[in-house]
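# Secondary and tertiary structure notes
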Amino acid sequence: MKKFEFNTANKKKYQELLTHYDDIQSALMPVLHLAQEQHSWLSPEVVAHISELMGIPEIKINEVISFYDMFYDHPTARNVVQVCTNITCSMFGGREIHKGILDHFQLHNMRPSQDGKLYIQKMECLGACEMAPCMRINNIYEGHLTLKTAVQKLEVLP
Amino acid sequence: MSIANKADYQNFTLLSYHHIPSVHHLEIFEEAGGYEMMKKCFTLDPEKIKEEVKNSGLRGRGGAGFPTGVKWGFFSKDRNQRKYLLCNADESEPGTFKDRYLLEINPHILVEGMIISAFALGTQRGYIYIRGEFYEQAMILEKAVKDAYKRGYLGKNILGSGFDFELVVHRGAGAYICGEETGLISSLEGQKGRPKLKPPFPAIKGYRGLPTIVNNVETLAAVPWIMRCGAAAYKKWGTEKSPGTKLFSISGDVNRPGVFELPLGIPLIEVIEKHCEGVREGNKLKAVIPGGSSAPIFTAEIAKEVRMDYEDIAQKGSMLGSGAIIVLDETRSIPDILKWTLEFYHHESCGQCTPCREGTGWMEKIFKRAEQGEGKLSDIELLDKVAFNMRGRTICALSDAAAMPTQGIIKAFRGELESYIKIQMKNR
Ligand SMILES: Cc1cc2nc3c(=O)[nH]c(=O)nc-3n(C[C@H](O)[C@H](O)[C@H](O)COP(=O)(O)O)c2cc1C
Ligand code: SF4
Ligand code: FES
């Protein structure tokens, strides 16, 4: 088991984050975001390290991680793709796009591809219904999709 | 400076700067008139600011429509007590995207609104809780906050006023329930985003057990205009009980979906026909969800009559909510809409209250059974009954938010649900 540690830049960021809050527990979510940016998912080693750093029991941290759709307690991939399947997007084929992508790349929802390239996640309304149907690719919104354009956008990813 | 770079306070209270290229840069915002009100407010008695906001009749734009000035009035006046101002930028009510549109183009209007509000309320620290999916928007906000610090508009002794205010952008991580104000507070405390029983209300006992005001992005962003032009001018828009303008997020079957700032009280049909350029492909209007997924659906008939203000929508059996309008044309299936709605609330229930946890799951199950062709006509009554029993008895309003649209669909489109159940049985 490889030990996790924040890299030098993130150590500094971690210290700065703590100054934003009046207690350490409140800094937990930003710290988890920071760790996930560095490590791509919140592995047991990450949790152990954060627990030690912040003095928050691991079980508490795991509870928080499991509550939120964007904290991952399992490996993701180089590209995390979130497909909206809420009302407006579903009206314009969001569900067919989600299923079509999984079929095309032979994937399961929320399981990384073997080559570590893609991780597809079904999501609720992404707050961009004017561009329905839409998805997020690594924090970038893509809208007005068809299954074809969605697949194309994913195929060219590194 | 060209007129194109001046703010348009005549026609907009919230989007007054939206036409100005690169207005997310502090200097450009400021050149156009931004931060003037902040500077002016530091010369005023904080109570005067609260009074102006109260007199404007501004109602919270997060969904509940509670008068902002009244909420602020419950807040401790002790300026030395530790207190917080939280901006709710969770924007996760399905159909809603107006806060995103407001702050990704003009982050400084929110920062200015928060500084003025914080000064009025005497809060020393503020957080903008923005949903995790809005990563780019969070970066835009962080840059704006950083620039405001550099200019001395945030931090200690702002512009020599003696007032200190720290502002932090805090990212959520994907959970609808964190939009509910006490869920948001739990989340900010580094916990699961579980709502807390009210009372005590956050204004009395909120974040970290201390007095806390939670307001929506749009609410706080309206404050600079109200201070600039005055409560009386604000009230010239809208109706007596719904003063001012509102951002509407419109999606679905219209030719031009998007965000529009319009006076409250505007007929819904005018929003659709004029601002959204009509129903797509010349199709006939079938139904409209007028206030986000929690709002009971309107048939086309009612949609053509309703005015978009808190009271008229309520009187016709729905709610203005977040101002998210989803338009459905004649090609749409109501059972589809119900299914997607039920799945959503089941997924998002935080699970701590039995009626909500069980009810959202049960409703979804009843629907799925019918979808499989294993339903009966009496399932409609059953759904209605389950929904009824979810109302008014839980820690937060998510349970009601799941029950209301379900009952609304049953009331407005019972015939279509009945045929759906029968067809699915036949096709089994
Ligand atoms: C389930 C649920 C979800 C909510 N989501 C949001 C939201 O995403 N954004 C928001 O501003 N208010 C949301 N609210 C309303 C908040 O609880 C709160 O009333 C609001 O943030 C107060 O601000 P305002 O007075 O300015 O409207 C939600 C309420 C409920 C019950
Ligand atoms: S009503 Fe539902 S979402 Fe709200 S606190 Fe209870 S279980 Fe959680
Ligand atoms: S329904 Fe897909 S972004 Fe809102």
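Residues numbered from 1 in each chain as written. Chains lettered and ligands numbered in written order. Predicted model: local features only at pLDDT ≥ 70, side-chain atom pairs only at ≥ 80, totals over all residues. Heavy atoms only, no water.

A word on empty space enclosed by the protein. Residue and element names in this part refer to chain B. Under the criterion given, the structure shown has 6 cavities of 30 Å³ or more. The calculated volume of the largest cavity comes to roughly 130 Å³. In terms of lining residues, the largest cavity is bounded by 15 residues, among which Arg-131, Glu-133, Gly-174, Ala-175 and Tyr-176 are the most central. With 3 residues, the top contributor of residues to the lining of the largest cavity is helix H15 (residues 334-348). (1 Å grid on protein atoms, 1.4 Å probe; cavity = no way out; pocket = protein on both sides within 12 Å on 5 of 7 lines; lining within 4 Å. Points joined across faces, edges and corners; volume = space filled by probe spheres on them. Helix = DSSP H or I, 4+ residues; strand = E, 2+ residues; numbered from the N terminus.)

Another point: the site of ligand 1. Residue and element names in this part refer to chain B. Contacts to ligand 1 come from 18 residues, most closely from Gly-62, Asn-88, Asn-215, Asn-216 and Thr-219. At 3.2 Å from an oxygen atom of ligand 1 is found a main-chain nitrogen or oxygen belonging to Arg-61. Residue Asn-88 places a side-chain N or O atom 2.9 Å away from an oxygen atom belonging to ligand 1. Contact with the protein chains covers 90% of the free accessible surface of ligand 1, which is 610 Å². (Near = heavy atom within 4 Å. Polar contact = N/O pair within 3.5 Å; in protein donor to acceptor, adjacent residues only side chain to side chain. Areas by Shrake-Rupley, 256 points an atom, 1.4 Å probe, with all protein chains shown as cover.)

The domains assigned to chain A are domain 1 (8-67) and domain 2 (79-155). Each of domain 1 of chain A and domain 2 of chain A has a C-alpha centre, and the two are 28 Å apart. (Domains from an automatic or database assignment.)

Residue and element names in this part refer to chain B. A complete count under the given rule lists 25 aromatic pairs over all chains for this structure. Summarising the aromatic geometry, the rings of Tyr-127 and Tyr-207 are spaced 5.7 Å apart at their centres and angled 75° between planes, so their arrangement reads as edge-to-face. Of this pair, Tyr-127 sits in strand S2 (residues 125-130) while Tyr-207 sits in the loop between helix H8 (181-188) and strand S4 (212-216), placing them 80 residues apart in sequence. Three or more aromatic residues joined by ring pairs make a cluster, and in this case those are Tyr-9, Tyr-17, Phe-29, Tyr-35 and Tyr-153. One residue, Arg-59, lies across the ring of Tyr-310, its end atom 4.0 Å from the ring centre. The ring of Phe-134 is capped by Arg-131, whose NZ or CZ atom sits 5.3 Å from the centre of that ring. (Phe/Tyr/Trp six-rings, centres within 6.5 Å; stacked < 30°, edge-to-face > 60°. Lys NZ or Arg CZ within 6 Å of the ring centre and 35° of its normal.)

One widely used convention gives an interface's size as the accessible area the parts lose upon coming together. Residues and elements named next belong to chain B. Looking at the assigned domains, one finds that chain B contains domain 1 (6-234), domain 2 (245-329) and domain 3 (334-427). Centre-to-centre, using C-alpha coordinates, domain 1 lies 36 Å away from domain 3. Contacts between domain 1 and domain 3 engage 11 residues on the former and 8 residues on the latter. Roughly 850 Å² of surface becomes buried between domain 1 and domain 3 when both sides are summed, with 68% attributable to carbon and sulfur atoms. Between domain 1 and domain 3 we count 2 residue pairs in polar contact (both at pLDDT 80 or more) in total. Split by residue class, the side of domain 1 that touches domain 3 holds 6 nonpolar, 1 polar and 4 charged. (Contact = heavy atoms within 4.5 Å. Buried area = accessible area lost by both parts, 1.4 Å probe. Nonpolar A, V, L, I, M, F, W, Y, C, P; charged D, E, K, R; others polar.)

Glancing now at the side chain of B:Ser242. All names here are of chain B. Tracing the backbone shows Ser-242 in the loop between helix H11 (231-235) and strand S5 (245-252). Of note is the side chain of Ser-242, whose polar atom sits 3.1 Å from the backbone nitrogen of Tyr-310. Non-local contacts of Ser-242, meaning those with residues more than four positions away in its chain, are made with Arg-59, Trp-237, Leu-264, Asp-309, Tyr-310 and Glu-311.

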